[in-house]
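A look at the structure
Residue-level listing of the chains:
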Amino acid sequence: MPSKDPIAEPWGTRTPYGSGQPWPVRVDLHLARGVAPHEVDRWVPSASILHSNGDGLDIAVKDGRIVGVRGRGEDRVNRGRLDPKDLYGWQANHSPDRLTRPLVRRGGELVETDWDTAMDLVVEHSGRTLEDRGASALGFYTSGQLFLEEYYTLAAIAHGAIGTNHLDGNTRLCTATAASALKESFGCDGQPGSYEDIDHADVIALYGHNMAETQAVLWSRVLDRLAGANPPRLLCVDPRATPVARRSTLHLAPRPGTNVALMNAILRELVRTDRVDHAYVEAHTVGYEELVRVTAAYPPERAAAICDVPAREISAAAELLGGAERLVSTVLQGFYQSNQATGAAVQVNNVHLLRGMLGRPGAGVLQMNGQPTAENTRECGADGDLTAFRNWNNDRHVRELAALWNLDPLRVPHYAPPTHAMQIMRYVEKGSIRFLWISATNPAASLPDLRRVREFLSKEGLFLVVQDVFMTETAELADVVLPAATWGEKTGTFTNSDRTVHLSEKAVEPPGEARPDLDIFLDYARRMGFRDDDGRPFPQWDDAESAFEAWKRASQGRPCDYSGLSYERLRSTGGVQWPCNEQNPEGTPRLYADGRFWAGPDECESYGKDLVTGAPLEEEEYRAANPRGLAMLKAVDFVPPHETPDREYPYALITGRTLYQFHTRTKTGRAPELRRAAPEVWVEIAPSDARAEGIGEGDVVEVRARRGAVRARARISGVRPGVLFVPFHYGYWDVDVAAASDGERARAANEMTADDWDPVSKQPLFKTAAARVRVLSRGGGRPSPAPTTTASAPVGEAAEAVEATRGEADTLEQCHREGTR
């Protein structure tokens, strides 16, 4: 049975199962008040949109409106379960402040207009910029929440029709390191493992991955294994006492920015104790000797001094991993957004390669995503790389893509590496990009160092187009705002973290004049008069299904092969894992089961980079090092972060996601239950640090870094000493800034984060800032607004203080009850 209160019990009731058994079905359901299941007019198939898990669900429609959701019990991903954001987030579709008409800037103000007027302005400015300054003066910044068909269309327009190198997604902020790590180890992007590996694993290692909050349904799967026969043992690497940490056999809480030193010590211990599958390493990898040489310099004692983790715990972690017969590892933002991001994530891949733990049930690595369609952004080439995991530095790959699009290869930019999002923003700041189109993302709240972001997005000489569902902080700065349809209001496919493709059908009409993103992109292309080499309109498709068919042709023969799929197939069978083709008609649960990788010099997606400097390797270097296309064991030495705590800023500041909100809350902040569950920003501090600073539970404090400050109530939690945690969700779209207090104008965590990125993946490092904290005013017995059910749970005296407020109307528990009554 599902939980009666998904806010207070976000992982629901247990359905235990043992190793190798199928995960039992548990169907979760939530309908609007007063609507019974039998009163629903239609159930429309889709999948979750507010996290990366890809939970299969049905949208309930009554009288032309979405009135709820239910999990699909037959779906391979979730077996009917839904997380709190799934259950309540759909309410944002009905929010009265949806964008319903285009807006243009007149006299400094955004005013409503019609589509022709808005699109004429977009065409006029982009066309003039293209003619006067060339393709490199235009940039596009997109999302991890659109559909595959929309990304593919945008990639074709930007790379093919316009010829700009400046296209990236906000996946650069959350999953670029996943792609980089996979390319460095296996020659190509593509998730090796499968969620089903959790059903078989005897050890599950989670590196910087608070699965309980970022992928709540997948954590339910782990909890059900823990409750069943032969439960797995868990290793958690995280500086916070997350729900994952509390259920783990071993919890390592390293000093932020030291993940490479920790992983090197673990690898060194695996080698020293001979927990290495030498036959696998010899047959399927290159680089073993260099890995042994580099990691030999990291005995547990040295790593302990760097990471501030006991040496015996590092040895115990290596013993746990080395003793596994079926090992699953997952990685997310604790590694991806920290110092030496790609280097650390690659070392997790190295553990699996050393142990031969790939391609069989219970043995796999999952370099996770943070957004529902981040995988599609990468596959389609809307993240900076070329479509279908092609190598921009391989002329044959460029010719293949140009032939698919029926364009001259010289029109497809490949003169330099694709421009990553942070560099695109630098070009905007410097003035070389004069036209920027932002779709379905909110950089004025999600990028680091927000003061600078607001300045360059507002600068004179930039024409800014924003395409979104709501009036975000970014849309407020635009010259043209285009109202977009969202999930449930359009049709398309999207692919989750373990390569499962779902079809999301249109359930209801979008409000007012809002249009699907695909329609907007195609309308722009037609108005611009883009043509292929035969004079046909380009792109050569005109709706979602024809775009999908075109994508199938683009992906055929590449690792992400969709050629065996169709809308009809997805309607009848639900989620299917790619590659799905003639050789794998039912889809592919695991990659590399045959020990063959997409790493050959003629087929790989990348020739790799230096893990310290990010310098790209030349094709000749790659061919010499890996002529047979084997998996690559890549070593890297530890390099300290650029910004570390000091006397003035003594704390390491980290930011991150939490359970009840998503990104900048443009959707979850409009769902009453989710808003009440986590209504306002907070800052977490360890008990010992709170005592030293004279901070009590609920006190209003200022956290200040070198770039800016945030004011929030303190939560005394299980975060490691010397570390402050602030959730990044809270910006200003729901605040009247003109009337707001100073504190309300300083609540976005990214006011403080550094404009620094990993040299390999170019992912911003949101977890490497230094900060200080001070009390502004006492809490007066009022606790922090932080949830008590998650990693932000109070500890010690803070827990007693929160408990003492139980029964008052403004406590979190009361909000929970009100939200689900």
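Details of the structure are given in the entry above.
This structure is a prediction, so every number in the text was calculated from the model and none was measured. (Residues numbered from 1 in each chain as written. Predicted model: local features only at pLDDT ≥ 70, side-chain atom pairs only at ≥ 80, totals over all residues. Heavy atoms only, no water.)

Side note on the overall build of the chain
A tally of helices and strands in the chain yields 27 helices and 27 strands. Taking 821 residues into account, the globule formula puts the C-alpha radius of gyration at 28 Å, and the chain, at 25 Å, falls close to it. Put simply, the chain has 821 residues, and 67% of those count as buried. Within the chain, counting contacts between residues at least 6 apart in sequence, those at least 24 apart form 75% of the total. In the form shown here, the chain has an accessible surface area of approximately 26700 Å², with 48% of it arising from carbon and sulfur atoms. Of the charged side chains in the chain, 94 are positive and 114 negative, and the gap between their average positions amounts to 3 Å. (Helix = DSSP H or I, 4+ residues; strand = E, 2+ residues; numbered from the N terminus. Rg over C-alpha atoms; globule rule 2.2 N^0.38 Å. Buried < 20%, exposed > 50% of the residue type's maximum accessible area, 1.4 Å probe, protein only. Contact = heavy atoms within 4.5 Å. Areas by Shrake-Rupley, 256 points an atom, 1.4 Å probe, with all protein chains shown as cover. Lys, Arg positive; Asp, Glu negative; His and termini not counted. Charge placed at Lys NZ, Arg CZ, Asp CG, Glu CD.)

Description of the nonpolar core
Tyr 207 and Leu 235 are the most contacted members of the largest nonpolar core, which totals 151 residues. The element best represented in this core is helix 8 (residues 259-272), accounting for eight residues. Setting aside residues up to four positions removed in sequence, Leu 235 forms contacts with Ile 204, Ala 205, Leu 206, Tyr 207, Ser 248, Leu 250, Leu 252, Ala 317, Leu 320 and Leu 321. Val 122, Leu 138, Ala 161 and Val 412 belong to the second largest nonpolar core, which has 69 residues in total. (Core = buried A, V, L, I, M, F, W, Y, C linked by side-chain atoms within 4.5 Å.)

Quick word on the pattern of salt bridges
Between side chains of opposite charge, a pair can form when the charged atoms approach closely. Across all of its chains, the model carries 65 salt bridges by this definition. Between Arg 272 and Glu 269 there is a salt bridge, and its shortest N-O distance comes to 2.9 Å. With Arg 272 and Glu 269 both in helix 8, this residue pair falls three residues apart, about one helical turn. Residue Glu 269 is classed as buried on the basis of its relative accessible area, which comes to 5%. In this structure, Arg 293 engages Glu 290 in a salt bridge whose closest nitrogen and oxygen atoms are separated by 2.8 Å. Separated by three residues within a single helix, Arg 293 and Glu 290 lie in helix 10 (residues 288-295), roughly one turn from each other. Judged by relative accessible area, which is 39%, Glu 290 ranks as partly exposed. Among the charged side chains, a network of salt bridges with common partners joins Asp 58, Arg 70, Arg 72, Glu 74 and Asp 75. (Salt bridge = Lys/Arg side-chain N within 4 Å of Asp/Glu carboxyl O.)

Examining the state of the cysteines
Counted by the stated rule, this structure contains zero disulfides. Left unpaired, Cys 560 is separated from the closest cysteine sulfur, that of Cys 188, by 7.1 Å. The buried category is assigned to Cys 560, whose relative accessible area is 0%. The structure places no disulfide on Cys 580, whose sulfur is separated from the nearest cysteine sulfur, that of Cys 560, by 13 Å. (Disulfide = S-S within 2.5 Å.)

What to know about the sheet that holds strand 19 (residues 500-504)
Here we have three strands laid out as an open sheet, ordered 18-19-20, and antiparallel in their pairing. Unpaired on one side and paired on the other, strand 18 (492-495) and strand 20 (576-577) mark the two borders of the sheet. For strand 19 and strand 20, the ladder comprises two bridges, and the chain directions are antiparallel. Note that in strand 20 the partner of Thr 500 across the bridge is Gln 577. (Pairing = 2+ DSSP bridges.)

Focus on the packing of aromatic side chains
The geometry of an aromatic ring pair is captured by the separation of the ring centres together with the interplanar angle, meaning the angle of the planes. Counting across every chain of the model gives 21 aromatic pairs. Note on Phe 435 and Phe 463: the rings are 6.0 Å apart at their centroids and 10° apart in plane angle, and the pair reads as stacked. Placement of Phe 435 in strand 15 (residues 435-439) and of Phe 463 in strand 16 (residues 463-468) is noted, with a sequence separation of 28 residues between them. We classify Phe 435 as buried; its relative accessible area is 0%. Taking relative accessible area as the criterion, Phe 463 reaches 9% and is therefore assigned buried. Grouping aromatic residues by their ring pairs yields a cluster made of Tyr 152, Trp 405, Phe 538, Trp 541, Phe 548, Trp 551, Tyr 562 and Tyr 567. (Phe/Tyr/Trp six-rings, centres within 6.5 Å; stacked < 30°, edge-to-face > 60°.)

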